[in-house]
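Listed below are the residues making up each chain.
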Amino acid sequence: LKPISIALDKLQKTSASIADSTEVWKTLEEEFHAEQFPRTVVTSMQDRMKQALTPAHYLANILHPLYLGKKLSEDEIGIAMDYALKKTETCPSFMPMLVKYRAQSGPFVPPLFQHSLLNEVTAVEWWKSLTHQIAKDAQAIAIQLISASASTAGLERIFSLFGLVHTEIRNRLGNEKAGKLVFVLQSLKSKPSAK
């Protein structure tokens, strides 16, 4: 159960996106095959993965500059590209941008994909850095997919903090002030401790 507990820990982070969830599921699938779990267990995990992952998950994984959809099967890439094609109905510039991105041409030059750079910036920051090189509507779709949250765990933590701030004793506290206090408390909790 260790691979499953590691996967759960990764996906319950506040910053976990649907691109991350796809990567975690695909890594889990690889580990199940490597550990030679019984076929019924592997099949059960793959069935659950198919229920959990949608075309948006696959496309987000492709659009993540660190993952690039490398662990996806050809079928999953095809599903993602079909989904991207539907996006061109509202944003004609999205598919050409996606093709250039996958080919690492145009504004998506190979130095942008260096692991040393990608470990220093988030995927959203990476896409925002290309603001003047790609169409705004295509960039907005990419950022929307990249920033979609993988789970509600982060939101549940915020509601829990709100419960600590807005208690029966502090019930006259307005929503705006309570929200500011929760923001400060969340910021203090997420700040790395100095060692």
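Residues numbered from 1 in each chain as written. Predicted model: local features only at pLDDT ≥ 70, side-chain atom pairs only at ≥ 80, totals over all residues. Heavy atoms only, no water.

1. So, the side chain of Asp-20
Defined as follows: Helix and strand assignments follow DSSP, with helices taken as H or I runs no shorter than four residues and strands as E runs no shorter than two, numbered in order from the N terminus. Here a polar contact is recorded for every N or O atom pair within 3.5 Å, except that within protein the pair must consist of a potential hydrogen donor and a potential acceptor, and residues adjacent in sequence are included only if both atoms are side-chain atoms. The contact rule is simple, with two residues in contact once any of their heavy atoms fall within 4.5 Å.
Tracing the sequence through the fold places Asp-20 in helix H2 (residues 18-34). Here Ser-17 takes part through its backbone nitrogen, which lies 2.9 Å from a polar atom of the side chain of Asp-20. A distance of 2.6 Å separates the side chain of Asp-20 from the side chain of Tyr-67, its partner in a polar contact. Sequence-distant contacts of Asp-20, defined by excluding residues within four places in its chain, comprise Leu-11, Ser-15, His-64 and Tyr-67.

2. Describing the packing of aromatic side chains
For the record, the criterion: The rule is short: rings of Phe, Tyr and Trp, with Trp giving its six-membered ring, pair when the centres are within 6.5 Å, and they are stacked under 30 degrees, edge-to-face over 60, tilted in between. Summary of the burial criterion: residues with accessible area below 20% of their type's maximum are buried, those above 50% are exposed, and those between are partly exposed, where the area comes from a 1.4 Å probe applied to protein chains only.
Going through the model one piece at a time under the given rule, you end up with nine aromatic pairs. Look at Tyr-101 and Phe-108: their rings are 5.5 Å apart centre to centre, the planes differ by 85°, and that puts the pair in the edge-to-face class. On the numbers, 5.3 Å between centres and 55° between planes, the contact of Phe-113 with Trp-126 is tilted. Separated by 13 residues along the polypeptide, Phe-113 in the loop between helix H6 (94-103) and helix H7 (115-118) and Trp-126 in helix H8 (residues 123-128) bring together distant segments of the chain. Across the pair, Trp-126 and Phe-113 agree in class, each one buried. Among the aromatic residues, those joined into a cluster by ring pairs are Tyr-101, Phe-108, Phe-113, Trp-126 and Trp-127.

3. Concerning the pattern of salt bridges
Formally: Criterion for a salt bridge: a side-chain nitrogen of Lys or Arg within 4 Å of a carboxyl oxygen of Asp or Glu.
Inspection of every chain in the model, using the stated rule, returns five salt bridges. Glu-23 is the salt-bridge partner of Lys-71, the closest N and O atoms lying 3.7 Å from each other. With Lys-71 in the loop between helix H4 (55-63) and helix H5 (74-87) and Glu-23 in helix H2, the pair connects residues that are 48 residues apart, well separated along the chain. Note that Glu-29 is salt-bridged to Lys-26, the shortest N-O span being 2.9 Å. Separated by three residues within a single helix, Glu-29 and Lys-26 lie in helix H2, roughly one turn from each other. Residues Glu-29 and Lys-26 agree in their burial class; the two are buried. Connected via shared salt-bridge partners are Glu-23, Glu-30 and Lys-71.

4. Topic: unusual backbone geometry
Phi at Gln-36 is positive, roughly 55°, even though this residue is not glycine. For Gln-36, the position within the fold is in the loop between H2 and helix H3 (39-52). Unlike most non-glycine residues, Gln-104 shows phi in positive territory, near 55°. Taking relative accessible area as the criterion, Gln-104 reaches 27% and is therefore assigned partly exposed.

5. Remarks on the confidence of the model for the protein
Operational definition: A residue's pLDDT is the confidence the predictor assigns to it, expressed on a 0 to 100 scale.
Mean pLDDT over the protein stands at 86; residues scoring 70 or higher make up 94%. Helix H10 (residues 153-165) is the least confidently modelled element of the protein, averaging 74 in pLDDT, while H4 averages 95, the highest of any element.

6. As for the environment of Met-97
Examined against the element boundaries, Met-97 turns out to sit in helix H6. Accessibility expressed as a relative area gives 6% for Met-97, which makes it buried. Counting along the chain gives 37 residues from Met-97 to Ile-134, while the straight-line C-alpha distance between them is 7.3 Å. If sequence neighbours within four positions are ignored, Met-97 has contacts with Phe-108, Trp-127, Ile-134 and Ala-138.

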